[in-house]
Amino acid sequence: MEAVLTHLRGAIERGEYAIGDKLPSEAELCRRLEVSRPVLRESLRALQVMGLTVSRTGKGTFVIANTVEDPTFGDYAASDLLEVRRHVEIPVAGYAAVRRTPENLDHLAHLLDRMERETDTTAWVAMDTIFHIAIAEASQNPVFRRVIEEIRDALARQSAFLNELGGRREQSNREHRAIVEALIDGSEHDAVEAMSHHLDRVETTLTDIVRPAHTDTPTEGGPEA
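Everything numeric in this text was worked out from a predicted model, so none of it was measured. (Residues numbered from 1 in each chain as written. Predicted model: local features only at pLDDT ≥ 70, side-chain atom pairs only at ≥ 80, totals over all residues. Heavy atoms only, no water.)

K.L.:
Which residues make up the overall build of the protein chain, and what values do they have?
P.N.:
Within the protein chain, the regular secondary structure consists of 10 helices and 4 strands. Ordered by position from N to C terminus, the α and β elements of the protein chain give α-α-α-β-β-β-β-α-α-α-α-α-α-α. For the C-alpha atoms alone, the extent of the protein chain along its principal axes is close to 60 × 30 × 30 Å. Expressed as a percentage of contacts within the protein chain between residues at least 6 apart in sequence, the contacts between residues at least 24 apart total 71%. With an accessible surface of roughly 11400 Å², the protein chain has 48% of that area assigned to carbon and sulfur atoms. Of note, the protein chain has its 26 positive side-chain charges centred 5 Å away from the centre of its 39 negative side-chain charges. (Helix = DSSP H or I, 4+ residues; strand = E, 2+ residues; numbered from the N terminus. Contact = heavy atoms within 4.5 Å. Areas by Shrake-Rupley, 256 points an atom, 1.4 Å probe, with all protein chains shown as cover. Lys, Arg positive; Asp, Glu negative; His and termini not counted. Charge placed at Lys NZ, Arg CZ, Asp CG, Glu CD.)

The following block contains the structure:
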């Protein structure tokens, strides 16, 4: 999927598909790139998240930009989402360390165990959003939970994007474990630091994915030259 995305993104950035152009049909792209339709569709979705294309029902996929500016996850741009997460989730982690209940800790520990065993990305992403809601619950402030629930869809889309293209799952599990350990210790400082580190890594991975790609011109027979 990464190879297909790199190929299509590179073609758009080089101008092989200009702004306003319609990409070849899914069937044609699958034939050219020698990939399955599910792999191609994941790549096309990633192009849309990056803001390079738009899908028009019944008409196909069209190029709308030739450079990646700010990916969009659902209703929110990545930069806006991260800014809000820093202002909300970092202090929330601190409150949660001070106010968490035994039930909160049991729930988080059980959730972490399931996430560390999970191999299916879709299932893991669903639990990832539940994890962040559970941290907000542990703060004992229902407004924080409501805020996280409001951005739940965007969080899930971002998580899927980072895991598919950035291989974030194992690293995220370790970062989540550090957050929960800080909550178990009741350390506000450590919880704030752990959540800050987690969001720093999210931003770094996102930047690595969306920064301008430098690729060689691919051959017609596949996504890799």
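After that view of the structure, there is still more to cover.
K.L.:
Account for the packing of helix 6 (residues 121-138) against helix 8 (residues 152-166), naming residues and giving values.
P.N.:
The geometry of helix 6 relative to helix 8 is characterised by a closest axis approach of 9 Å and an angle of 135 degrees between their N-to-C directions. It follows from the interaxial angle that helix 6 and helix 8 lie oblique. Where helix 6 crosses over helix 8, the two elements pack in a sense that is right-handed. For the pair helix 6 and helix 8, contact is made by Thr121, Trp124, Val125, Asp128, Thr129, Ile130 and Ile133 and by Arg152, Leu155, Ala156, Ser159, Ala160 and Asn163, respectively. (Axes fitted to C-alpha atoms, helices over the stretch in contact; angles between N-to-C directions. Parallel < 35°, antiparallel > 145°, perpendicular 65-115°, else oblique. Left-handed = near helix turned anticlockwise from the far one by under 90°.)

K.L.:
Just give me the short version of helix 6, but keep the residues and values in it.
P.N.:
In an α-helix, one full turn covers 3.6 residues, which means residues spaced three or four apart are oriented alike. For helix 6, spanning 18 residues, the distance from its first C-alpha to its last is 25 Å, which sits close to the expected 26 Å at 1.5 Å a residue. In the core, the buried residues of helix 6 are packed alongside helix 4 (78-99), helix 5 (102-117), helix 7 (142-150), helix 8, helix 9 (169-185) and helix 10 (188-210). Sitting at the head of helix 6, Asp120 places a side-chain oxygen 3.2 Å from the backbone nitrogen of Thr122. At the C-terminal side of helix 6, Gln140 shows a positive phi close to 65 degrees. (Expected span 1.5 Å × (residues − 1). Polar contact = N/O pair within 3.5 Å; in protein donor to acceptor, adjacent residues only side chain to side chain.)

K.L.:
With reference to specific residues and values, describe the environment of Val210.
P.N.:
Inspection of the secondary structure assignment puts Val210 in helix 10. Residue classification places Val210 among the buried residues on the basis of a relative accessible area of 14%. Expressed as a C-alpha distance, the spacing of Val210 and Pro71, which sit 139 residues apart in the sequence, is 7.8 Å. What Val210 contacts, discounting residues up to four positions off in sequence, is Arg9, Val68 and Pro71. (Buried < 20%, exposed > 50% of the residue type's maximum accessible area, 1.4 Å probe, protein only.)

K.L.:
Lay out the environment of Thr204 with the relevant residues and their values.
P.N.:
Here Thr204 lies in helix 10. Residue classification places Thr204 among the partly exposed residues on the basis of a relative accessible area of 31%. Along the primary structure Thr204 and His7 are separated by 197 residues, whereas in three dimensions their C-alpha atoms are 23 Å apart.

K.L.:
Break down the side chain of Ser196 for me, with residues and values.
P.N.:
Along the chain, the position of Ser196 falls in helix 10. Assessed through its relative accessible area of 17%, Ser196 is described here as buried. Residue contacts for Ser196: discarding those within four places in its chain leaves Arg86 and Ile90.

K.L.:
I'd like a description of the pairing of strand 1 (residues 53-56), backed by residues and values.
P.N.:
With 4 bridges connecting them, strand 1 and strand 2 (residues 60-63) associate as antiparallel partners. By the bridge assignment for strand 2, Arg56 is matched with Gly60. (Pairing = 2+ DSSP bridges.)

K.L.:
Residue-level account of the packing of aromatic side chains, with values.
P.N.:
Inspection of the entire model under this criterion finds 2 aromatic pairs. With a centroid separation of 5.5 Å and 65 degrees between ring planes, the pair formed by Phe73 and Phe161 is classed as edge-to-face. Note that Phe73 is positioned in strand 3 (residues 72-73) and Phe161 in helix 8, a separation of 88 residues in sequence. Residue Phe73 shares its accessibility class with Phe161, and that shared class is buried. Centroid distance Tyr95 to Phe144: 5.8 Å. Interplanar angle 25 degrees. Geometry classified as stacked. Here Phe144 lies in helix 7 and Tyr95 lies in helix 4, a separation of 49 residues in the sequence. Across the ring face of Phe62, the terminal group of Arg56 is positioned such that the distance to the ring centre comes to 4.6 Å. (Phe/Tyr/Trp six-rings, centres within 6.5 Å; stacked < 30°, edge-to-face > 60°. Lys NZ or Arg CZ within 6 Å of the ring centre and 35° of its normal.)

Distances and angles like these do not, on their own, reveal function.
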